[in-house]
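Summary of the model geometry
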Amino acid sequence: MEWFKDNFTISDDIENIDLDVVLLLLSNTYWASDRTKETIEKSINNSMAFGVYDKDKQIGFARVVTDKTVFSWILDVVIDENYRGRGLGKWLMTCILEHPEIKHTSFALATLDAHDFYKKFMFKENTYMRLKKEI
Ligand SMILES: CC(C)(COP(=O)(O)OP(=O)(O)OC[C@H]1O[C@@H](n2cnc3c(N)ncnc32)[C@H](O)[C@@H]1OP(=O)(O)O)[C@@H](O)C(=O)NCCC(=O)NCCS
């Protein structure tokens, strides 16, 4: 699927993803700075992946791990810092939450500091348990 706004496009086509851009975007995050290109590629191939594009240039990314039936986990949400504060992150989240293949599922995500961003989409704070593995 594709969504359009001004010069920007959001696409769920994995073929459009620029792995080098995703590597760079994630390398500047607190949760995935050490993820290798191979790991990122495999994670994308096993997820729904969303790219945000300024014409042909990728400037944002998110992916969703989902059973497309009852549950979806949103992760790796990131917009290039030069493009932040223009509503693109909110648009990306809206496209994910309205995607026809997953919009009927429950959603969850984890964040250390962006709670107020996700509260805009009715996410509520909760507790969960995890078993963390080093990649
Ligand atoms: C979080 C992020 C994706 C938001 O993208 P963005 O394009 O800058 O966001 P938008 O311009 O659509 O802003 C949407 C709203 O959320 C708010 N917001 C943006 N980032 C926020 C954050 N980190 N925490 C809380 N609120 C935030 C904005 O102030 C704005 O509020 P408003 O609608 O009341 O004006 C982007 O800042 C980013 O990539 N941050 C680094 C990676 C990250 O922290 N990702 C989330 C990890 S869980």
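Residues numbered from 1 in each chain as written. Predicted model: local features only at pLDDT ≥ 70, side-chain atom pairs only at ≥ 80, totals over all residues. Heavy atoms only, no water.

Under an unreviewed UniProt entry, the name given to the chain is GNAT family N-acetyltransferase, and the organism recorded is Lederbergia citri.

A few points about the site of the ligand
The local shell around the ligand holds 19 residues, among which Val 77, Ile 79, Gly 87, Gly 89 and Lys 90 are the closest. Separating an oxygen atom of the ligand from a backbone N or O atom of Arg 86 is a distance of 3.2 Å. In the environment of the ligand, an oxygen atom lies 2.8 Å from a nitrogen or oxygen atom belonging to the backbone of Gly 89. Protein coverage of the free-state accessible area of the ligand, which is 880 Å², stands at 70%. Of all the cavities here, the one that holds the ligand is the largest pocket. Listed by contribution, the elements that provide at least two residues to the shell around the ligand are strand S5 (71–79), helix H3 (88–98) and helix H4 (115–119). (Near = heavy atom within 4 Å. Polar contact = N/O pair within 3.5 Å; in protein donor to acceptor, adjacent residues only side chain to side chain. Areas by Shrake-Rupley, 256 points an atom, 1.4 Å probe, with all protein chains shown as cover. 1 Å grid on protein atoms, 1.4 Å probe; cavity = no way out; pocket = protein on both sides within 12 Å on 5 of 7 lines; lining within 4 Å. Sits in = over half its atoms within 2 Å of the grid points. Helix = DSSP H or I, 4+ residues; strand = E, 2+ residues; numbered from the N terminus.)

Description of the packing of aromatic side chains
All chains considered together, the criterion is met by eight aromatic pairs. For the pair Phe 8 and Tyr 83, a centre-to-centre distance of 6.0 Å together with 90° between the ring planes defines the contact as edge-to-face. Within this pair, whereas Phe 8 is found in strand S2 (residues 8–11), its partner Tyr 83 is found in the loop between S5 and H3, the two being separated by 75 residues in sequence. Taking the relative accessible area as the measure of exposure, Phe 8 reaches 11% and is therefore buried. The exposure class assigned to Tyr 83 is buried, which follows from its relative accessible area of 9%. Ring centres 5.0 Å apart and planes at 80° place the aromatic pair Tyr 30 and Trp 31 in the edge-to-face group. The partly exposed category is assigned to Tyr 30, whose relative accessible area is 44%. Owing to a relative accessible area of 34%, Trp 31 belongs among the partly exposed residues under this scheme. Taken together, the ring pairs connect Phe 117, Tyr 118, Phe 121 and Phe 123 into an aromatic cluster. (Phe/Tyr/Trp six-rings, centres within 6.5 Å; stacked < 30°, edge-to-face > 60°. Buried < 20%, exposed > 50% of the residue type's maximum accessible area, 1.4 Å probe, protein only.)

A few points about helix H2 (residues 37–45)
The α-helix winds at 3.6 residues per turn, so residues separated by three or four positions along the chain end up facing the same way. For H2, the full list of buried residues reads Ile 40, Ser 43 and Ile 44. Mapping the buried residues of H2 onto a view down its axis gives an arc of 100°, with all of them on the same face. Of the exposed residues in H2, those oriented more than 90 degrees away from the buried face are Glu 38 and Lys 42. Of the surrounding secondary structure, the elements contacted by the buried residues of H2 are helix H1 (19–27), strand S3 (48–54) and strand S4 (57–66). (Arc of directions from axis to C-beta. Contact = heavy atoms within 4.5 Å.)

Topic: the environment of Leu 92
Position of Leu 92 relative to the elements: it lies in helix H3. For Leu 92, a relative accessible area of 0% translates into the label buried. Residue contacts for Leu 92: discarding those within four places in its chain leaves Ile 10, Phe 50, Val 52, Phe 61, Ala 62, Val 77 and Ile 79.

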